[in-house]
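Structural features, examined
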Amino acid sequence: KHCFSKSEDGYLCCEGLRVEDVMNNVEKSPFYLYSKPQITRNFQAYRDALEGLDSIIGYAIKANNNLKIFEHLRKLGCGAVLVSGNELRLALHAGCIFNGNGKLLEELVLAAQEGVFVNVDSEFDLDNIVSAARIAGKKVNLLLRINPDVDPQVHPYVATGNKNSKFGIRNEKLQWFLDAVKALPNELKLVGAHCHLGSTITKVDIFRDAAVLMVNYIDQIRAQGFKIDYLNIGGGLGIDYYHTGAVLPSPRDLIDTVRELVLSRDLNLIIEPGRSLIANTCCLVNRVTGVKTNGTKNFIVIDGSMAELIRPSLYDAYQGAGLVVHDAGAYCMSMASTYNLKMRPPEYWVEEDGPWPRSVMQRHLKTI
Ligand code: LLP
């Protein structure tokens, strides 16, 4: 079941509610419209797939940082993956993993104080983590972000697992990091290994190849006396932006390709999906301002723009459109700007099936 569908008389509906009715009942457009039940269904697909494994699902907050959405996922049992101090403040106490290759000292101090897992990405990152542990007076739980050199076969802008990308630690430096961690038992505790190959991956074999390499690294690390329990395989699956009808792998297909490996090493599996949890739960609803012709081209002018949704203009990303823009739940509102001095758009969600007016949300962010 998918939240957006056409009614028999041709209207686009969200969980059976006409998008046009929502448009006529809210103050301003453009706006983002989400389906809460679809968020639940997407999360459940991962949770069901992980049955039988010790695991953590860490929602990549960068995909969408609406607090209501995060609170909902948290209630369902989801954790969080963070890349900044403000994301950390938003997610506090939810079971977090702090990622990124430019983490600031003050952000790391907060992470140390709150006891969140930290992925270490470089030598200077490790230095900052050690300083943060000393300032906070707490040991930091570390995962080594390993760059396994696996080609994710995605757009170069969202590829991070190749050896020439700026992310992660290459194998020739692994021993240096292990020695450094060993030398600082009061500041650091190594708990696992992490990799993230890239976003929009749609082939599960790529995850499998990475997991095989990662388990090898984990064997090597354990052989040196480290008791590490966590394998973090990074972001989740891509989605079918083109609506070709092609059947993409499901979370179950993904988890099943790594299940035996994870069980064979008695590991706790962490996965950090963003896009596949939230992208298809939302569309950006725009109002037509007018139509015009220039040369041989016809234009439909709408009130939405690259300020509200930048992915197509930023890197030629494709998102289906027919006045609403589809699949707009991930990396859309979280990348919206105030370009042209526009206000960031409001967000609503449809809570469940039933007649209008149904519960809708307005963006609600904790002061951070
Ligand atoms: N973990 C790490 C370390 C990441 O860097 C990312 C995404 C994720 C998890 C979540 O990956 P997902 O499940 O969403 O594929 N701005 C781009 C997307 C950049 C993704 C960056 N990292 C876009 O508009 O598509």
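Below is a summary of the structure that appears in this document. (Residues numbered from 1 in each chain as written. Predicted model: local features only at pLDDT ≥ 70, side-chain atom pairs only at ≥ 80, totals over all residues. Heavy atoms only, no water.)

**Describing the site of the ligand**
Taken together, 18 residues form the shell around the ligand, and within it Ser-199, Glu-272, Arg-311, Tyr-315 and Tyr-331 come nearest. One of the backbone N or O atoms of Arg-275 is found 2.8 Å from an oxygen atom in the ligand. When the residues that make up the shell around the ligand are grouped by side-chain class, the tally is six nonpolar, seven polar and five charged. (Near = heavy atom within 4 Å. Polar contact = N/O pair within 3.5 Å; in protein donor to acceptor, adjacent residues only side chain to side chain. Nonpolar A, V, L, I, M, F, W, Y, C, P; charged D, E, K, R; others polar.)

**Quick notes on the pattern of salt bridges**
The full count for this structure, using the stated rule, is nine salt bridges. Between Arg-41 and Glu-15 there is a salt bridge, with the nearest N and O atoms lying 2.9 Å from each other. You can see Arg-41 sitting in helix H2 (residues 36–49) and its partner Glu-15 sitting in the loop between strand S2 (12–14) and strand S3 (17–18), a full 26 residues away along the chain. Relative accessible area serves as the criterion here: at 24%, Arg-41 is assigned to the partly exposed category. Here Glu-15 falls in the buried class, since its relative accessible area comes to 4%. (Salt bridge = Lys/Arg side-chain N within 4 Å of Asp/Glu carboxyl O. Helix = DSSP H or I, 4+ residues; strand = E, 2+ residues; numbered from the N terminus. Buried < 20%, exposed > 50% of the residue type's maximum accessible area, 1.4 Å probe, protein only.)

**So, the sheet that holds strand S13 (residues 282–285)**
In a beta sheet, neighbouring strands pair by backbone hydrogen bonds and run either parallel or antiparallel. Ordered in space as S16-S17-S13-S4-S18, the five strands form an open sheet in which the pairing is mixed. This sheet does not close on itself; its edge strands, each paired only once, are strand S16 (321–322) and strand S18 (347–350). Pairing geometry for strand S4 (residues 31–35) and S13, over four bridges, is antiparallel. Bridge pairing links Leu-33 to Cys-283 in S13. H2 contacts S4 and S18 of the sheet and is inclined by roughly 55° relative to S4. (Pairing = 2+ DSSP bridges. Contact = heavy atoms within 4.5 Å. Axes fitted to C-alpha atoms, helices over the stretch in contact; angles between N-to-C directions.)

**Remarks on the environment of Pro-251**
Looking at the element boundaries, Pro-251 is found in helix H9 (residues 251–264). The sequence separation of Pro-251 and Val-22 amounts to 229 residues, and the corresponding C-alpha distance is 32 Å. Contacts of Pro-251, omitting those with residues within four sequence positions, involve Ala-45, Tyr-46, Ala-49 and Leu-237.

**Digging into the environment of Lys-6**
Along the chain, the position of Lys-6 falls in strand S1 (residues 4–6). Residue Lys-6 is classed as exposed on the basis of its relative accessible area, which comes to 63%. Separated by 101 residues in the primary sequence, Lys-6 and Glu-107 have C-alpha atoms spaced 46 Å apart.

**Concerning helix H8 (residues 204–223)**
Across its 20 residues, H8 extends 29 Å between first and last C-alpha, which sits within 8% of the 28 Å expected from 1.5 Å per residue. Taken residue by residue, H8 has Val-204, Ile-206, Phe-207, Ala-210, Ala-211, Met-214, Val-215, Tyr-217, Ile-218 and Ile-221 as its buried positions. Within H8, the buried residues cover an arc of 165° as seen down the axis, which keeps them to one side. Residues Asp-205 and Ala-223 are exposed on H8 and point more than 90 degrees away from its buried face. Where H8 is buried, its residues contact strand S9 (140–145), helix H7 (171–183), strand S10 (188–194), strand S11 (230–232) and H9. Just downstream of H8, Gly-225 is the residue with a positive phi angle, here 95°. (Expected span 1.5 Å × (residues − 1). Arc of directions from axis to C-beta.)

**What to know about the state of the cysteines**
Overall, the coordinates contain zero disulfides when judged by the stated rule. The thiol of Cys-13 is unpaired, and the distance to the nearest cysteine sulfur, on Cys-14, comes to 8.8 Å. With no disulfide of its own, Cys-14 lies 5.1 Å from the sulfur of Cys-3, the closest cysteine sulfur. A relative accessible area of 0% places Cys-14 in the buried class. (Disulfide = S-S within 2.5 Å.)

**Some words on the pairing of strand S6 (residues 79–82)**
On S6, burial covers both faces: Gly-79 and Val-81 on one face and Ala-80 and Leu-82 on the other are all buried. With three bridges joining them, strand S5 (residues 55–60) and S6 adopt parallel strand pairing. Looking at the pairing, Tyr-59 lines up with Ala-80 of S6. After leaving S5, the chain enters helix H3 (residues 67–75) and then returns to the sheet as S6, a path that is right-handed. (Right-handed = clockwise from strand over helix to strand, strands pointing away.)

**Brief notes about unusual backbone geometry**
The step from Ser-29 to Pro-30 runs through a cis peptide bond, and the omega angle for that step is -5°. By secondary structure assignment, the location of Pro-30 is in the loop between helix H1 (19–25) and S4. Unusually for a residue other than glycine, Thr-200 sits at a positive phi of about 70°. Tracing the backbone shows Thr-200 in the loop between S10 and H8. On the accessibility criterion, Thr-200 (25% relative accessible area) is partly exposed. Non-glycine residue Asp-316 carries a positive phi angle of around 55°.

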